[in-house]
Amino acid sequence: MSEDVTLEAFRAIAAQAGLALDEAETVRMHEGYLGLQTLLERLPGTPDMADEPSHVFLPSGTRVAL
């Protein structure tokens, strides 16, 4: 991990965000936060527009049966 956030640092972050967490919630959310950071590190740094094809717009004249 590029930067580990300690439990104490996470408590400070949660307090700044206005979260009132008990100890069990703090520990569990800290674990989730570290897991999220691990997943984010796996994402490519600069994805190209072509990495995810468009699936929102249909070409004009396309007939779709719903």
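Refer to the structure above for everything that follows.
In what follows, the accompanying structure is described. (Residues numbered from 1 in each chain as written. Predicted model: local features only at pLDDT ≥ 70, side-chain atom pairs only at ≥ 80, totals over all residues. Heavy atoms only, no water.)

### Observations regarding the overall build of the chain
- Helix and strand content of the chain: two helices and zero strands.
- Looking at the chain as a whole, 8% of its 66 residues are labelled buried. (Helix = DSSP H or I, 4+ residues; strand = E, 2+ residues; numbered from the N terminus. Buried < 20%, exposed > 50% of the residue type's maximum accessible area, 1.4 Å probe, protein only.)

### Considerations on the pattern of salt bridges
- Scanning the entire structure with this criterion turns up two salt bridges.
- One salt bridge connects Glu 8 with Arg 11, and the closest N-O pair in it is separated by 3.8 Å. Here Arg 11 and Glu 8 lie together in helix H1 (residues 7-16), a separation of three residues that amounts to about one turn.
- Residue class for Glu 8 comes out exposed when judged on its relative accessible area of 54%.
- Put simply, Arg 11 and Glu 23 hold a salt bridge, and the shortest N to O gap is 2.7 Å. Taken together, the residues span a long stretch of sequence, with Arg 11 in helix H1 and Glu 23 in helix H2 (residues 23-42) at a distance of twelve residues. (Salt bridge = Lys/Arg side-chain N within 4 Å of Asp/Glu carboxyl O.)

### Quick notes on the packing of aromatic side chains
- As enumerated under the stated definition, the model contains one aromatic pair in all.
- With centroids separated by 5.7 Å and ring planes inclined at 45 degrees, the aromatic side chains of Phe 10 and Tyr 33 adopt a geometry described as tilted. Taken together, the residues Phe 10 in helix H1 and Tyr 33 in helix H2 connect sequence positions 23 residues apart.
- Look at Phe 10 and you get buried, because its relative accessible area is 6%.
- Tyr 33 gets classed as partly exposed once you look at its relative accessible area, which sits at 26%. (Phe/Tyr/Trp six-rings, centres within 6.5 Å; stacked < 30°, edge-to-face > 60°.)

### A word on the side chain of His 30
- Looking at the secondary structure, you find His 30 in helix H2.
- Given a relative accessible area of 10%, His 30 falls into the buried group.
- Apart from the residues within four sequence positions on either side, His 30 is in contact with Val 5, Thr 6, Leu 7 and Phe 10. (Contact = heavy atoms within 4.5 Å.)

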